[in-house]
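Descriptive structure summary
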Amino acid sequence: MLIDLYDTLSAAKQPLVPREPGRVGIYVCGPTVYSRVHIGNARPFVVFALLRRFLEHCGLAVTLVCNVTDVNDKIYAAAGDGDSMLLAREMTAHYVADTDRLGLGRPDHEPLASESMAAIIEEIETLIERGHAYEAGGDVLFQVRSDPGYGRLSRRDVDEMDQGEDVEGAERKRDPLDFALWKAQKPGEDAAWDSPWGRGRPGWHIECSAMAESLLGVGFEIHGGGLDLAFPHHENEAAQTRCARGGELAHIWMHNGMLQLGGQRMGKSVGNMSPLHEVLDDYGRDAVLMYLCGAHYRQPIAFGPEQLTQAAATVAGVREAARRLTGGPSPPSMRPLRERFFAALADDFNTPQALAAAFDWIREANRSRQAVGDADLRDMLGVLGLANLLDPDEAPGAPPEVVALAGERRDARAAGDYARADELRRQVEGHGWSIRDVGDGFELLPR
């Protein structure tokens, strides 16, 4: 199957062409761990976890890398007088636990910046040797104008760019456009590493170049992340690798749109975020996945109770429809809908069009006067992480004893024994779970 993906660099869809037949590498910029991740941080995690599922469904072997930025100015600031590395470890653990609840598995590699210093320092040394960087007072800075290709990714005029870095140390720059590869340790910064330029720590951009190259090499297939990272972060990554290695970091640059709350981009720096764990507590992982799949990954998406409630209703509708399906193959007449589903994903990973094909499949099954097998629908929804909707009493992540109690409560309600049903609900809640009734079944959500 020919797979086309939109490339920010060329501003056009490009065919996915593996360097090695049958193998694809994906690098995604992960969170900066100075606080709990929010639902906006979950969008790239979900988009690229599901893209991996689709590519694997197409027979490709995928290596998915999603880094964790655990060395950063924001972490020092959030830690205050405390231990910045301890804060980063705690927030990394929360990030893993929160995204585990999405039920999509982990990336193949999740490198930490703090554990990648040797590769980072080597790349900085190479940039200095090749005349693209210089040391100044313990800092090392990248010479932006030394790269003729700088600005192509974000389509910005070099003279109108602002790196967004602190004004402190600006006097050491040869050009205001230059950005930091290495920063000398400042008073109050408790974490620092030895380097040829003295104690300090890396800049944000060089961390990702080094980690991506170490795990995927140069010229891998897909580099992903939020659209807010196109400049300066991804522009700087591309420049660093181009100048240090003489080649492009990635073939395709994929950027997902941002979540919007009250008309503004959701973000920690804006202060309008909804923590992922709270959204999962309130609506459940299935509603979150349905909500995120309901919009094309490149488009902004409004976030709020209305959108999540609608997604939860869609989930309930699919669960209810699943009760009328049987196991086994589907009628040949419905195969075109399956083909439409996967064709939509092959055309720039269009999940809303794919879902539309799945919903048409469900409507066709409902109109059928004969039993319809769910194999095709299970195959489709499985790529989107939603095959469990065809097993209405399955509760991803819930312990077997909690599922058993919930099943007993369902049976008690069906028998009219509401006192027993209430007691079983209390037992379920005592295990840290709540029950949401869905048709004749139930859904379990962490409390």
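Data block above holds the structure.
Overview of the structure. (Residues numbered from 1 in each chain as written. Predicted model: local features only at pLDDT ≥ 70, side-chain atom pairs only at ≥ 80, totals over all residues. Heavy atoms only, no water.)

**Details of the packing of aromatic side chains**
Each aromatic ring pair is summarised here by two numbers: the centre-to-centre distance and the angle between the ring planes. The test is simple: When the centres of two rings from Phe, Tyr and Trp lie within 6.5 Å, Trp using its six-membered ring, the rings pair. Their planes under 30 degrees apart give stacked, over 60 give edge-to-face, and anything left gives tilted. Put simply, DSSP H or I for four residues or longer makes a helix, DSSP E for two residues or longer makes a strand, and each gets a number counted from the N terminus. Only protein chains enter the accessibility calculation, which uses a 1.4 Å probe; a residue whose area is less than 20% of its type maximum is buried, one above 50% is exposed, and one in between is partly exposed. Each ring is checked for a lysine NZ or an arginine CZ that lies within 6 Å of its centre and within 35 degrees of its normal; such an atom marks a charge sitting over the ring.
Applying the stated rule across the entire model yields 6 aromatic pairs. With a centroid separation of 6.4 Å and an interplanar angle of 90°, the aromatic rings of F45 and Y95 are classed as edge-to-face. Here Y95 lies in helix 3 (residues 84–100) and F45 lies in helix 1 (residues 39–57), a separation of 50 residues in the sequence. The class for F45 is buried, based on a relative accessible area of 8%. Residue class for Y95 comes out buried when judged on its relative accessible area of 4%. Note on Y291 and F303: the rings are 6.1 Å apart at their centroids and 70° apart in plane angle, and the pair reads as edge-to-face. Here Y291 is found in helix 8 (residues 285–293), whereas its partner F303 is found in the loop between strand 13 (301–302) and helix 9 (305–322), with 12 residues between them in sequence. A relative accessible area of 6% means that Y291 is categorised as buried. Its relative accessible area of 10% is what places F303 among the buried residues. Note that R106 overlies the ring of Y95, its terminal NZ or CZ placed 5.6 Å from the centroid.

**Regarding the sheet that holds strand 6 (residues 139–142)**
Using the following cut-off: For two strands to pair, DSSP has to find at least two bridges joining them. Convention adopted: a line fitted to C-alpha atoms gives each axis, helices being fitted over their contacting stretch, and angles between N-to-C directions are expressed from 0 to 180 degrees.
One open sheet accounts for 4 strands, arranged 5-6-7-8; its pairing is antiparallel. Because the sheet does not close on itself, it has two edges, and the strands there are strand 5 (133–136) and strand 8 (200–202). Strand-to-strand twist in this sheet, taken as the mean axis angle between neighbours without regard to direction, amounts to 20°.

**Details of the environment of S195**
The criterion, for reference: Should any heavy atoms of two residues lie within 4.5 Å, those residues are considered in contact. Polar contacts here mean pairs of N or O atoms no more than 3.5 Å apart (in protein, one a potential hydrogen donor and the other a potential acceptor; neighbouring residues in sequence count only if both atoms are side-chain atoms).
For S195, the position within the fold is in the loop between strand 7 (179–184) and strand 8. When the C-alpha atoms of S195 and D147 are compared, they prove to be 25 Å apart, with 48 residues separating the residues in sequence. With sequence-adjacent residues up to four places away left out, S195 is seen in contact with I121 and W182. Side-chain polar atoms of S195 contact the side chain of W182, separated by 3.4 Å. Reaching out from S195, the side chain makes a polar contact with the backbone oxygen of G198 at a distance of 2.7 Å.

**Some points on unusual backbone geometry**
Most peptide bonds adopt trans geometry, and most residues besides glycine take a negative phi value. The residue after F231, namely P232, is reached through a cis peptide bond having omega 5°. Positioned with a positive phi, A11 is a non-glycine residue whose angle comes to about 55°. Topologically, A11 is positioned in the loop between strand 1 (4–7) and strand 2 (12–15). Phi angles above zero are rare outside glycine, and F349 is one such case at about 45°. Relative to the helices and strands, F349 resides in the loop between helix 10 (335–346) and helix 11 (351–367). The class for F349 is buried, based on a relative accessible area of 2%.

**So, the nonpolar core**
Rules: Buried Ala, Val, Leu, Ile, Met, Phe, Trp, Tyr and Cys residues form a nonpolar core when they are joined through side-chain atoms within 4.5 Å.
If you look at the biggest cluster of nonpolar residues, it comprises 85 residues, and the most contacted ones within it are I26, L51, F54, L55, L102, I222 and W361. For this core, the element with the highest residue contribution is helix 1, accounting for 11 residues. Ignoring any residue separated from it by four or fewer positions in sequence, one finds F54 in contact with M1, I3, F342, L345, A346, F349 and V383. Counting residues in hydrophobic clusters, the runner-up holds 42 residues, among them A191, I206, F231 and W253.

**Regarding the pattern of salt bridges**
Threshold: Criterion for a salt bridge: a side-chain nitrogen of Lys or Arg within 4 Å of a carboxyl oxygen of Asp or Glu.
This model, assessed by the stated rule, comprises 35 salt bridges. Notably, a salt bridge pairs R172 with E171, separated by 3.3 Å at the nearest N-O pair. For R172, a relative accessible area of 31% puts it in the partly exposed group. When its relative accessible area of 62% is taken as the criterion, E171 is described as exposed. Taking the shortest distance from any N to any O, the salt bridge between R338 and D376 comes out at 3.5 Å. With R338 in helix 10 and D376 in helix 12 (residues 375–383), this residue pair connects regions lying 38 residues apart in the sequence. For the pair R338 and D376, a shared accessibility class is recorded, and that class is buried.

**Topic: helix 12**
Three- or four-residue spacings in an α-helix give side chains the same orientation, since the helix completes a turn every 3.6 residues. So the rule is basically this: Read the arc as the range of directions from the helix axis to the C-beta atoms.
Taken together, the buried positions of helix 12 are occupied by D376, L377, M380, L381 and V383. Seen from one end, helix 12 has its buried residues packed into an arc of 155°, which puts them on one side. Residues of helix 12 that are buried make contact with helix 1, helix 9, helix 10 and helix 11. Once helix 12 ends, the next one or two residues include G385, with phi positive near 75°.

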